[in-house]
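Now for the letters of each chain:
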Amino acid sequence: MPSKLIESTMRTENLPHIWCPGCGHGILMRDVAQAIDNLGLDHDKVVIVSGIGCSSRAAGYMDFNTLHTTHGRAIAFATGVKLANPELTVIVITGDGDAAAIGGNHFIHACRRNIDITVVVFNNNIYGMTGGQYSPTTPTGEKGTTAPYGNIDYDFDLPELAKAAGATFTGRCTAYHVPQAIKLLEAAIQNKGLSMVEGLSVCPTYYGRKNKKGGVIKMYNWQKNNCIDVKKAEKMDPEELEGKILMGEFYHKEKPEYCEQYEAIIEKCGGNK
Amino acid sequence: MEKKLVLNSKWCKGCGICAEFCPKDVLAIDHEHCYVVNEKDCIKCGLCELRCPDYAIWLEEEDK
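None of these values were measured; they are calculated from a predicted model. (Residues numbered from 1 in each chain as written. Chains lettered and ligands numbered in written order. Predicted model: local features only at pLDDT ≥ 70, side-chain atom pairs only at ≥ 80, totals over all residues. Heavy atoms only, no water.)

S.K.: What should I look at first to understand the overall build of chain B in this one?
M.R.: For chain B, the helix and strand inventory stands at two helices and four strands. When the helices and strands of chain B are read in sequence order from the N terminus, they spell out β-α-β-β-α-β. The C-alpha radius of gyration of chain B comes to 11 Å, within 12% of the 11 Å expected for a compact globule of 64 residues. Taken along the three principal axes of its C-alpha coordinates, chain B extends 35 × 20 × 20 Å. (Helix = DSSP H or I, 4+ residues; strand = E, 2+ residues; numbered from the N terminus. Rg over C-alpha atoms; globule rule 2.2 N^0.38 Å.)

Listed below in structure tokens is the structure:
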């Protein structure tokens with residue numbers, strides 16, 4: 001018998017999950033489940049939508065209404081679900097490749113529309129499932145199977161990208177900082193509009209090994225020592241923040257939501273008759 | 001209500017996160033599985049439960 005939370009939010013017959021030992025995805029998936037549980041949402045009114053990749057296996061494990069869709073298209077499917085039934089709480093669990101490369105266009109346009117969906121990107125900095133190819137969030141200079149001499153691309157800052165595209169809630173959390181992550185996810189789910197949370201994961205198998213990060217424990221210690229809350233960072237000097245990664249709630253703004261706007265158009269044209 | 005540390009070694013992949021970040025060194029890894037070495041020092045903070053990627057350790061409330 002697992003814990004009460006796992007029992008009530010996961011399909012325990014499918015556990016243990018497929019993720020590697022030390023993979024941050026398991027922690028992040030639990031954070032999402034805990035946030036849903038803390039908010040007291042009706043499980044039958046929650047939809048988890050995922051695409052393809054390590055992260056997207058989450059839809060198979062979580063015991064809600066779930067939709068495991070095609071590569072990069074999770075947000076497109078989620079848009080359809082939300083428009084068809086705006087009562088539902090729609091949460092997309094996607095990866096860095098799925099959201100920012102293959103599904104990059106769906107991602108920015110969902111942000112632009114400000115549709116009430118929460119997009120949680122499990123960012124492991126690499127394409128794990130297919131063997132360690134570099135992704136749009138692989139840091140410059142780091143290695144992947146397709147970048148054996150180091151990646152020359154600049155990496156995306158996903159919350160900044162989402163904000164620029166029109167999302168009304170953005171933030172970042174890590175697999176190490178669990179209580180903060182759960183709080184952030186609760187706020188993201190509650191925002192009426194598109195919320196984007198980047199969850200920094202840990203991939204010891206591909207990203208870690210390719211870049212000689214020293215194994216699971218060193219990678220989590222790196223997050224512990226290098227990720228700083230945005231509120232704390234405000235009081236720090238720029239030199240102290242060199243090489244650090246900010247986390248916490250970055251941006252939150254009220255703006256009319258897409259489904260409500262759509263409903264208003266229906267009303268304007270004579271209503272649902 | 002007392003809380004009790006429970007382990008499910010079938011799900012444990014022995015990653016070592018729980019043992020590394022336990023503030024009281026209650027846990028250790030042996031033969032690729034987590035086990036309790038020092039239960040009396042456990043302060044029931046639950047950090048192991050929060051950080052276990054495989055849901056193999058948790059605090060359970062038990063009636064006394």
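S.K.: Help me understand the side chain of Thr 94 of chain A in this model?
M.R.: Residue and element names in this part refer to chain A. Examined against the element boundaries, Thr 94 turns out to sit in strand S3 (residues 89–95). Engagement of the side chain of Thr 94 in a polar contact is seen with the side chain of Asp 98, the distance being 2.9 Å. A polar side-chain atom of Thr 94 sits 3.4 Å from the main-chain amide nitrogen of Ala 99. Once residues lying within four places of it in the same chain are set aside, the contact partners of Thr 94 are Ser 55, Ser 56, Ala 99, Val 119, Val 120, Val 121 and Phe 122. (Polar contact = N/O pair within 3.5 Å; in protein donor to acceptor, adjacent residues only side chain to side chain. Contact = heavy atoms within 4.5 Å.)

S.K.: Would you mind showing me how to read the sheet that holds strand S8 (residues 195–200) of chain A here?
M.R.: Sheet strands associate in pairs through backbone hydrogen bonding, adopting either a parallel or an antiparallel arrangement. All names here are of chain A. Spatial ordering of the open sheet is given by S2-S1-S3-S4-S8-S7-S10-S9, a layout of eight strands whose pairing is mixed. Two strands lie at the open edges of the sheet, namely strand S2 (65–68) and strand S9 (227–229), each paired on one side alone. Neighbouring strand axes in the sheet, compared pairwise and without regard to direction, differ in orientation by 20° on average. Strand direction decides the pairing type here: strand S4 (residues 117–123) and S8, joined by six bridges, are parallel. What sits directly across from Val 120, in S8, is Val 197. Across the sheet, helix H10 (residues 216–226) touches strand S7 (169–174), S8, S9 and strand S10 (245–252), and the angle it forms with S9 is around 35°. (Pairing = 2+ DSSP bridges. Axes fitted to C-alpha atoms, helices over the stretch in contact; angles between N-to-C directions.)

S.K.: What am I meant to see in the pairing of S8 of chain A here?
M.R.: Two faces make up the sheet, and in a regular strand the side chains alternate between them. Residues and elements named next belong to chain A. Burial of S8 is extensive: six of the six residues sit out of reach of the surface. With six bridges connecting them, S7 and S8 associate as parallel partners. Bridging across to S8, Cys 173 finds its partner in Gly 199. Regarding the hand of the β-α-β motif, the stretch spanning S7, helix H8 (residues 178–190) and S8 is right-handed. (Buried < 20%, exposed > 50% of the residue type's maximum accessible area, 1.4 Å probe, protein only. Right-handed = clockwise from strand over helix to strand, strands pointing away.)

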